[in-house]
Protein chains: 2
Amino acid sequence: MKLALIFGGHSFEHEISIVSAIALKDVLKHLDLEFIFISNDRKMFVIPSKNMKSNFFSSGAYKKSEEVFLNYDGFRIKSIFSKKTLDITCVLNLIHGGDGEDGLISSLLEFYKQDFIGPRVDACVLSFSKLLTKAYAKLVGVDTLSFKYFSKDSKPKKLDYPCILKPLRLGSSIGLSVLKNAKDLDYSVDVAREFDDEFIIEPFINNVKEYNLAGTFIENEFIFSIIEEPQKSGILDFEKKYLDFSRTEKTSKALIPLKLEKDLKDAFKKIYGTIFRGALIRCDFFVLENKVYLNEINPIPGSMSNYLFDDFADIISKLAKSLPRKKPINIDYAYVNKIQSAKGKSWQ
Amino acid sequence: MKLALIFGGHSFEHEISIVSAIALKDVLKHLDLEFIFISNDRKMFVIPSKNMKSNFFSSGAYKKSEEVFLNYDGFRIKSIFSKKTLDITCVLNLIHGGDGEDGLISSLLEFYKQDFIGPRVDACVLSFSKLLTKAYAKLVGVDTLSFKYFSKDSKPKKLDYPCILKPLRLGSSIGLSVLKNAKDLDYSVDVAREFDDEFIIEPFINNVKEYNLAGTFIENEFIFSIIEEPQKSGILDFEKKYLDFSRTEKTSKALIPLKLEKDLKDAFKKIYGTIFRGALIRCDFFVLENKVYLNEINPIPGSMSNYLFDDFADIISKLAKSLPRKKPINIDYAYVNKIQSAKGKSWQ
């Protein structure tokens, strides 16, 4: 099996994706890997393994790599003399944020019938917008914190402080602010709107318990990671989270009662449902008075949360062989023939 | 402006899309048009206007047309490596059902920065699944009928009859059945599951009032069609609806009180929101005891509901110049450079 890590993309999280891919190169070193980089202008390049270093991208040196074009026969390599394609069994979508988590790359891969590990287009859309995530969680019976939504033209007036302001569609804490009082409001709104016209505001709960759980679904059963209690540094910040994307060291299991472990896993199963099949996701939960609340769904978590699993490479290999399939569609033109008779000569 | 109608696709509604495109060829004849056909195996062909007849597709003659490849510089002719491209200003997405309304084509067009009229990826996902449509309608404050959802492994037991069984993701009444009593159940479930493992069941309300309203959003204002009361033939059936896709004759306005007209338009505005910007959609409503319920969102209605508008070609021309834009993303590699220092030599 040849696995292609696809990373980069036209995304505010472009650089984070590069970091994830470099981290996974090491974690998955026993698999047969290819690396496909998508530049900010959406060109695709095959990156030789030896060049998988961060300054190869930041310096622009990647532009001299071989360009590929995704089409119905796979990733075609630019060559005048042949129809050479990369011989890829499965793609692992590692593009965080735009392109990767908004449904675009998933759609491209699906359209061109390229097997891939990652969220399908519907899973992307539901987890990309915090508003839709909340609506989806409600639909499947998982609680989320109360919130207020603000569109392009609306502005918060009376708020309860402290609260947290999050751009509607960004991940990795980009554009997010914790507001201590009304003085913080204008600046926070400006920061969020650099990235997204719309945002939500949630209560900020001091010392709330947080638990992260990753998992996937392989051959009719759920495979869970350990449950981690993430370290908090008071206010979540981008750089702290950013370092998280390069994590490869194992972490330790949160010490929690069995009942809570079960509740977290049950909530994960409800969220994952059938919509997230084919993906390995991480759900971040809050726990308040023993009740579980979904904070966010990471359909492509930083470095795929590899550090939460015992044998991550084995899970990826198995998942690649257990991807969801769609019903076949046969087209026999029976209806077009019928309408030809109904509409007469001008249609034929 | 050169407008390309894109149609066909790997979809149960492939043939319906051909019919829509042929109907619109006539309606939009004063515009500069191209026709791009997507075959069931997802090859793309440019179809000369004179060949836009149904048997050109049903006979397979289209396979001799010129092939095009969508890439970051547009639709390339013949070879993905050739420099010749179709000079298209805007695409009109006319693919009903899979590929067109599930987000795949929208994603391809967006990824390759091709301007297009049609639902964006998030709008597609929300309107493609009847379950998500209901959750979305609730989120924006529009009522829908009560329903029961059935997954792959669940089967209805006790139901109230008559009721209507709808595959979760199909349009054009495909796979839909009206059940008069429990005897109809097994067969209806089998029919639906030919197309989709999941389905919903809603009450079937005899003589419910139905109203269809199409519209779009151009330069900060809503443009509405007339409100139509669709003709009913007792049970909705695919062939009846199918003929609808070839409609180009104008229809007459439903005679309804001003208050109801306002309520229908208000519900449309809530559904359209910001998510459907760039698309011309039709919302089909039920009215029960003067209360408006959303039945379904057609993000790419049959023949674009052209027959509901006074000057459809003019609306399409204006919409092509009023498409939503995304915020620009600049990547300066500042974070990658930071992590290079943090992680040390091995990353550089």
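The structure presented is a predicted model; accordingly, all values stated were derived computationally and were not measured.

**Student:** Could you clarify how one ought to interpret the overall build of chain A in this entry?
**Tutor:** A tally of regular secondary structure across chain A gives 10 helices and 16 strands. Its C-alpha atoms give chain A a radius of gyration of 22 Å, within 12% of the compact-globule value 20 Å for 348 residues. Judged by the C-alpha coordinates and their principal axes, chain A covers about 65 × 60 × 40 Å. Counting the 348 residues in chain A, one finds 59% classified as buried. At a minimum sequence separation of 6, the contacts of chain A that also span at least 24 residues come to 68%. Here chain A contributes 51 positively and 46 negatively charged side chains, and the mean placements of these two sets differ by 4 Å.

**Student:** Honestly, the side chain of Glu101(A) in this entry has me stumped. Any pointers?
**Tutor:** Residues and elements named next belong to chain A. You can see Glu-101 is positioned in the loop between strand S6 (90–93) and helix H3 (104–111). Buried charge without a salt bridge: Glu-101, with Arg-282 as the nearest opposite-charge side chain at an N-O distance of 9.0 Å. Reaching out from Glu-101, the side chain makes a polar contact with the backbone nitrogen of Ile-300 at a distance of 3.2 Å. Not counting residues within four places of it along the chain, the set of residues in contact with Glu-101 comprises Glu-13, Ile-95, His-96, Cys-124, Phe-128, Pro-299 and Ile-300.

**Student:** Whenever I open this one, the pairing of strand S5 (residues 74–77) of chain B confuses me. Can you help?
**Tutor:** Consecutive residues of a regular strand have side chains that alternate between opposite faces of the sheet. Residue and element names in this part refer to chain B. With 4 bridges connecting them, strand S4 (residues 66–71) and S5 associate as antiparallel partners. Directly across from Asn-71, in S5, lies its bridge partner Gly-74. Linking two consecutive strands that pair antiparallel, namely S4 and S5, is a turn of 2 residues.

**Student:** What am I meant to see in the sheet that holds strand S13 (residues 209–218) of chain B here?
**Tutor:** Sheets are built from strands paired through backbone hydrogen bonds, the pairs being either parallel or antiparallel. Residue and element names in this part refer to chain B. If you trace the 5 strands from one edge of the open sheet to the other, you get S8-S16-S15-S13-S14, paired in mixed fashion. Edge positions in the sheet fall to strand S8 (143–144) and strand S14 (221–228), since each of these pairs with one other strand and no more. As defined by bridge partners, S13 adjoins strand S15 (residues 281–288) across 7 bridges and the pair is classed as antiparallel. Directly across from Asn-212, in S15, lies its bridge partner Asp-284. Contacting S13, S14, S15 and strand S16 (291–298), helix H8 (residues 258–272) crosses the sheet at an angle of about 55 degrees to S13.

**Student:** Sorry if this is basic, but what is going on with the relation of the copies chain A and chain B here?
**Tutor:** Between the two copies of the chain lies a relationship made up of a rotation around an axis and a movement along it. Mapping chain A onto chain B calls for a screw motion: a turn of 180 degrees about the axis and a shift of 0.0 Å along it, with 0.1 Å RMSD after fitting. Taken together, these values place the two copies in the relation of a two-fold axis. The share of interface residues of chain A whose copies in chain B are also at the interface is 96%, consistent with both copies meeting through the same surface.

**Student:** Help me understand the nonpolar core in this model?
**Tutor:** Generally speaking, soluble globular proteins have nonpolar side chains that are buried together. In this structure, Met44(A), Phe75(A), Leu264(A), Met44(B), Phe75(B) and Leu264(B) are the most contacted members of the largest nonpolar core, which totals 102 residues. Those residues in contact with Leu264(B), other than ones at most four positions away along the chain, are Tyr211(B), Leu213(B), Ile227(B), Ile256(B), Phe285(B), Val287(B) and Val292(B).

**Student:** Quick question: what am I supposed to make of the sheet that holds strand S14 (residues 221–228) of chain A here?
**Tutor:** Residues and elements named next belong to chain A. Pairing is mixed in the open sheet, where 5 strands are placed in the order S8-S16-S15-S13-S14. Looking at which strands have only one partner, the edges of the open sheet turn out to be strand S8 (143–144) and S14. Sheet topology note: the strand S13 (residues 209–218)/S14 ladder contains 6 bridges and is antiparallel. Considered in S14, the bridge of Gly-215 is made with Phe-224. Helix H8 (residues 258–272) rests against S13, S14, strand S15 (281–288) and strand S16 (291–298) of the sheet, and its axis sits at about 55 degrees to S13. The sheet strands contacting helix H9 (residues 312–320) are S13 and S14, and the helix crosses S13 at an angle near 45 degrees.

**Student:** How should the domain arrangement of chain A be read in this particular structure?
**Tutor:** Many descriptions give the size of an interface as the accessible area lost when the pieces come together. All names here are of chain A. Here chain A is partitioned into domain 1 (2–118), domain 2 (125–140 + 206–320) and domain 3 (148–203). Put simply, the middle of domain 1 and the middle of domain 2, counted by C-alpha atoms, are 24 Å apart. Each partner contributes to the interface: domain 1 provides 24 residues, whereas domain 2 provides 23 residues. Between domain 1 and domain 2, the buried area comes to about 1900 Å², and carbon and sulfur atoms account for 76% of it. Among the residues of domain 1 in contact with domain 2, Ile-16, Glu-101 and Ile-117 are the three that bury the most area, contributing 29% of the side total. Counting the contacts that link domain 1 with domain 2 gives 0 salt bridges. The tally of links from domain 1 across to domain 2 stands at 4 residue pairs in polar contact (both at pLDDT 80 or more). Those elements giving two or more residues to the side of domain 1 that touches domain 2 turn out to be helix H1 (14–27), S6 and strand S7 (116–117). Counting residues per element, the side of domain 1 that touches domain 2 draws most heavily on H1, which supplies 7 residues. Among the residues forming the side of domain 1 that touches domain 2, the class breakdown is 14 nonpolar, 7 polar and 3 charged.

Analysis parameters
- Residues numbered from 1 in each chain as written.
- Chains lettered and ligands numbered in written order.
- Predicted model: local features only at pLDDT ≥ 70, side-chain atom pairs only at ≥ 80, totals over all residues.
- Heavy atoms only, no water.
- Helix = DSSP H or I, 4+ residues; strand = E, 2+ residues; numbered from the N terminus.
- Rg over C-alpha atoms; globule rule 2.2 N^0.38 Å.
- Buried < 20%, exposed > 50% of the residue type's maximum accessible area, 1.4 Å probe, protein only.
- Contact = heavy atoms within 4.5 Å.
- Lys, Arg positive; Asp, Glu negative; His and termini not counted.
- Charge placed at Lys NZ, Arg CZ, Asp CG, Glu CD.
- Salt bridge = Lys/Arg side-chain N within 4 Å of Asp/Glu carboxyl O.
- Polar contact = N/O pair within 3.5 Å; in protein donor to acceptor, adjacent residues only side chain to side chain.
- Pairing = 2+ DSSP bridges.
- Axes fitted to C-alpha atoms, helices over the stretch in contact; angles between N-to-C directions.
- Least-squares fit on C-alpha atoms with pLDDT ≥ 70 in both.
- Core = buried A, V, L, I, M, F, W, Y, C linked by side-chain atoms within 4.5 Å.
- Domains from an automatic or database assignment.
- Buried area = accessible area lost by both parts, 1.4 Å probe.
- Nonpolar A, V, L, I, M, F, W, Y, C, P; charged D, E, K, R; others polar.

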